[in-house]
Amino acid sequence: MPWLVLLLSAALSGLLIAHLEESRLQRERNRVTALVGDHAVAIQTLVERALSSTQALAEMVRQRRGAIDDFDRVATEMMPLYPGASILGLAPGGVVRYVVPKAGNERSIGFDLFKDPVQKKDAFAALESGELTLAGPLNLVQGGLGAVGRQPIYLPDGEGRLAFWGFAYVVIRFPQALEGARLAQLVEQGVDYELWRVHPDTQSKQLIAASPTHTLIDPVGRTVHPPGGLWVLSGAPTHGWSDPAGLATQSAMALAVCLLLAYLTKLLATLRAQGRGLEALVTERTSEIFATQNRLQATLDAIPDLIFELGLDGTCHDFRAPAGEFGTAQRGRLVGRRADQVLPAAAAQTVLAALAQALRHGRSEGHQIEVTRPGDARASWFEFSVAHKRDAQESAGGEPRFIVLARDITKPKQAESDLRVAATAFDAQQGMAITGTDKLIVRVNPSFTAITGYSAQDAIGRSLNFLNSGRHESAFYEKMWATVTATGAWRGEVWNRRKNGEIYPDMRTVTAVRAEDGAITHYVNTFADFSERKATEDEIRNLAFYDALTQLPNRRLLLDRLRQSLLASARNHHCGALQFIDLDNFKTLNDTLGHDMGDLLLQQVAERLSLSVREADTVARLGGDEFVVMIEGLDPLREAAAAQARLLGDKILAALNLPYALAGREYHITPSIGVAIYSGSHETTDEVLKHADLAMYQAKAAGRNALRFFNPGMQAAVNARVSLESDIRRGLVEQQFTLHYQPQIDGSGRTVGAEALLRWQHPERGAISPAEFIPVAEETGLILPLGEWVLKTACAQLKAWSAYAATRALTLSVNVSARQFRQQDFAEHVLALVRSMEADTGACRLKIELTESLLLNDVEDTIAKMNLLKAHGVGFSLDDFGTGYSSLSYLKRLPLDQLKIDQSFVRDLLTDANDAAIARTVIALGHSLGLAVIAEGVETEAQRAFLSTQGCDGYQGYLFSRPLPAAAFDAWQRGRTGPDHAQPAVFFEI
């Protein structure tokens, strides 16, 4: 018998060992497969992350339209963001021009991808596909083995079509780039590995990376899919799949078990043969029964549930509660009473239904009732189960009895309710991620996935660091977690990165979850994407502080920065400079090519200005064609700061003088630049801006396309001009202006006219020359009310002269400014004065003197107005003839009566042959056109005699009389003529 047991147990042990070995081998293959798969995914992620850097480089090239000026800085900042990327570079036209880092990669500069026999095939493949490709492994130009990811870049050409610009590429060195995949962990876990591919040309196995000892026996593998290729990561246990030591141990244990069974069999046979000890065995069993009863009682005492014995009608026959739960009084209140007498009706019905179900099926479970305990106003929930108690009494026809176990579930019920509330809150619109104390994610909600793009499968088990955008330093996160540790919570704005690479603003809240003992068990992280609100805030700020057309700072932001610059200048004692830039004749561009072309030019000007200054300087647009450049941190000495500002100003002049491409046409425009140097806080922003503006107008006055610096003399001149303008206005109101008259003499010596000259006797400054106040009146528009006063005063003087024989025939000439003449109602206004004068004098003796500047613009309108006035008897004289730009083709069409030789030609005509020739020419031209000619500024008899020999018709100057007030002129005229002399004509000039 023992031998048979030994053989059977040996056979069963062999089968069991074989099964266990097969299970072990399967588990080992599953383990190795899982490890290889995890590291294959890590390699895939690492390669994709490194290759994604080419997308960022390509986007940078497209945004800058191929202009690469700070590649080293940008690429250097990108390198830490792309683990696995050893080299970043750009290859315009397929030739490597930009590479980071440069150290050790100098040989790659100038490397032509399309000519290299090794890489040209992959380069052309990338160009033909237009998509990101990965070439390699291959031997790098810099040395070593690696793979190269290339992203073709296309930019729009002049016709709007996409054209190949070049490649953005990344170099992944082996084996350095694979360190992030932690392949060494495979070796640490007893697995040898090989990362390889099938070479596309030779179809042979090309090894990429391998463990130090990589003789793989029956390996398992997982594929890695880089763009345009297929890699395989293979792995196998370092010591093979078999386990000789384990197998030997199992065999030894099986042998021992077999021997033990054989021995027990022999022992059992011996026991059966022996009949002795039966009484001792019964005694032992009785003791065991008592022990079991004791254990059962202990178990009942340990049960926290209420235990009832009920009849089918719900009568309580027995009741047991945990110690201290119910007293004797409560027991007496329950025993002997029915359920409907002690429970609410609904609860009693539930109990009776459960008893009936237990009677049919033997058991009834999972019922819940709500009751109110005596002395406790709060409701309690109980869950109970019923079991049919079949005993001898029932078998003998007695009443069925049931055991009911009831457990207080009030707290779990409340916890369940709280969990439902928490689950609802967890699935709210805010993203949530719960992490353990190790800060690894254990759960995320759907809103987290919607906001970040990472699914629960992507996130669980990882740190939230994968959301980091790179915009925050590590100190930011250290301070955040320090706050959470100290206060239990933190809230603030964080820039995160979505799965698609998009960076977005997030309102982050971190709350620590603590256990009853105060220890932190979890962290609840909530995420609220407020990209739209942030974008709206940025847009509002942009509209408030930036120019919509050029995206440059506007006046408001400029004034704020200028205010800060003045304060900084006071602190560090450095000078600053403000350059006020106005485009010359910009209105002409808008009027000829349209405002859309003007806007396009303004955008190009803004771009050129921004490229001409340092990053710390400010370029702003005030409006229209006015720009301001603020330069900070110049030399403490104003002279040296001015020299620095001039260098930049000359640079800006050169940049803005270059031609502009406006919708296929070339356009040129020049700037006028005014510069104001400032230092310290004693100057205000308005003063600095006004100083630069004044200097700009000085640049325009100097001929435009120039640069001028502000000096205090400019401000003094402006103040004087403003004061003079105010005095002119007051002088008009207070009638401080008067007219003086200078006679005009004909060839026979008779007075044939008088030129009226405007005089101003200022109450404080005395007599002010017309050469000083007339230009200011022209610029400010005060020439209009002043000219109107002169016309009315002249007509009134004609009326006064008509009453005396000596002056009755005099004709008045009035010089009218071009601005006054171009008024739309000028002719009608003059005709109204003429009609009033004719009613009193019976004739029109008014002449209007015009300057040649009137002929430069809108000649047709000028001729029309002159013809209208001429038809009503108004005469015309062309003043200062020969000093302007008269066109003879227009001159012959004008209804003139007279030409006046300017006094600049008369003054030196006896000593300057050119002046004499001009005078002769004007006289001859006037006569040939049928016009009378008069010379002004005649001061000597020799001048009059020369002009007379040339046929001049009239003279005016100090030779005859200086300008006289009206009363003095009347006396002078009566003294010359007497009662029998003919009456002279009078010309009036402003």
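Definitions and limits used
- Residues numbered from 1 in each chain as written.
- Predicted model: local features only at pLDDT ≥ 70, side-chain atom pairs only at ≥ 80, totals over all residues.
- Heavy atoms only, no water.
- Helix = DSSP H or I, 4+ residues; strand = E, 2+ residues; numbered from the N terminus.
- Polar contact = N/O pair within 3.5 Å; in protein donor to acceptor, adjacent residues only side chain to side chain.
- Phe/Tyr/Trp six-rings, centres within 6.5 Å; stacked < 30°, edge-to-face > 60°.
- Lys NZ or Arg CZ within 6 Å of the ring centre and 35° of its normal.
- Axes fitted to C-alpha atoms, helices over the stretch in contact; angles between N-to-C directions.
- Parallel < 35°, antiparallel > 145°, perpendicular 65-115°, else oblique.
- Contact = heavy atoms within 4.5 Å.
- Nonpolar A, V, L, I, M, F, W, Y, C, P; charged D, E, K, R; others polar.
- Salt bridge = Lys/Arg side-chain N within 4 Å of Asp/Glu carboxyl O.
- Pairing = 2+ DSSP bridges.
- Core = buried A, V, L, I, M, F, W, Y, C linked by side-chain atoms within 4.5 Å.
- Buried < 20%, exposed > 50% of the residue type's maximum accessible area, 1.4 Å probe, protein only.

*Asks:* I keep staring at the side chain of Glu 28 and nothing clicks. Help me out?
*Replies:* Following the sequence through the fold, Glu 28 ends up in helix 1 (residues 2-63). Polar side-chain contacts of Glu 28 include one of 2.8 Å to the side chain of Arg 31.

*Asks:* Explain the packing of aromatic side chains here, please?
*Replies:* Aromatic rings in a pair are described by how distant their centres are and how their planes are angled relative to each other. Under the criterion given, the structure shown has 22 aromatic pairs. One aromatic cluster is present, built from ring pairs that chain together Phe 114, Phe 124, Tyr 154, Phe 164 and Phe 167. Just above the ring of Tyr 504 sits the side chain of Arg 498; from NZ or CZ to the centre is 4.0 Å. When the ring centre of Phe 821 is taken as reference, the NZ or CZ atom of Lys 865 above it lies at 5.6 Å.

*Asks:* Where do I start with the packing of helix 16 (residues 555-572) against helix 20 (residues 685-701) in this structure?
*Replies:* Geometrically, a packed helix pair is captured by the angle between its two axes and the distance between the axes. Interhelical geometry of helix 16 versus helix 20 gives an angle of 110 degrees and a closest axis separation of 9 Å. Relative to helix 20, the element helix 16 is oriented roughly perpendicular. Only Thr 685, Val 688 and Leu 689 of helix 20 make contact with helix 16, whose side of the interface consists of Arg 555, Leu 559, Leu 562, Arg 563 and Leu 566. For the contact of helix 16 with helix 20, the class distribution of residues is five nonpolar, one polar and two charged.

*Asks:* Explanation requested: the pattern of salt bridges in the structure shown.
*Replies:* Oppositely charged side chains may form a pair once their charged atoms are brought near each other. Following the criterion strictly, the structure yields 38 salt bridges and no others. Of the charged contacts, one joins Glu 788 and Lys 792 as a salt bridge, the two residues approaching to 3.3 Å between their closest N and O atoms. Note that Glu 788 and Lys 792 are positioned in helix 23 (residues 783-801) at a spacing of four residues, about one turn of the helix. Where Glu 860 meets Arg 893, a salt bridge forms, and the shortest distance between an N and an O atom there is 3.0 Å.

*Asks:* Please clarify how the sheet that holds strand 16 (residues 441-444) should be interpreted in this entry.
*Replies:* Sheet strands pair via backbone hydrogen bonds, and the direction of the pair is either parallel or antiparallel. Taken together, five strands build an open sheet; the order of strands is 16-15-19-18-17 and the sheet is antiparallel. Each having just a single partner strand, strand 16 and strand 17 (489-497) make up the two edges of the open sheet. On average, adjacent strands in this sheet sit at an angle of 25 degrees to one another, irrespective of strand direction. Relative to strand 17, helix 14 (residues 474-487) is tilted by about 155 degrees, and along the sheet it contacts strand 17, strand 18 (503-514) and strand 19 (520-529).

*Asks:* Explain the nonpolar core to me, please; I cannot follow it from the model alone.
*Replies:* For soluble globular proteins, nonpolar side chains are generally found buried alongside one another. Counting residues in hydrophobic clusters, the biggest one holds 71 residues, and the most contacted among them are Ile 728, Phe 773, Ile 848, Leu 869, Leu 896 and Leu 947. With eight residues, helix 23 is the single largest residue contributor to this core. Every residue in contact with Leu 947, bar those within four places of it in the chain, is listed here: Val 906, Leu 909, Ala 919, Ile 923, Ala 935, Val 938, Cys 952 and Tyr 955. In terms of nonpolar packing, the next biggest core, distinct from the first, is built from 50 residues, Ala 40, Ile 68, Met 78 and Val 191 among them.

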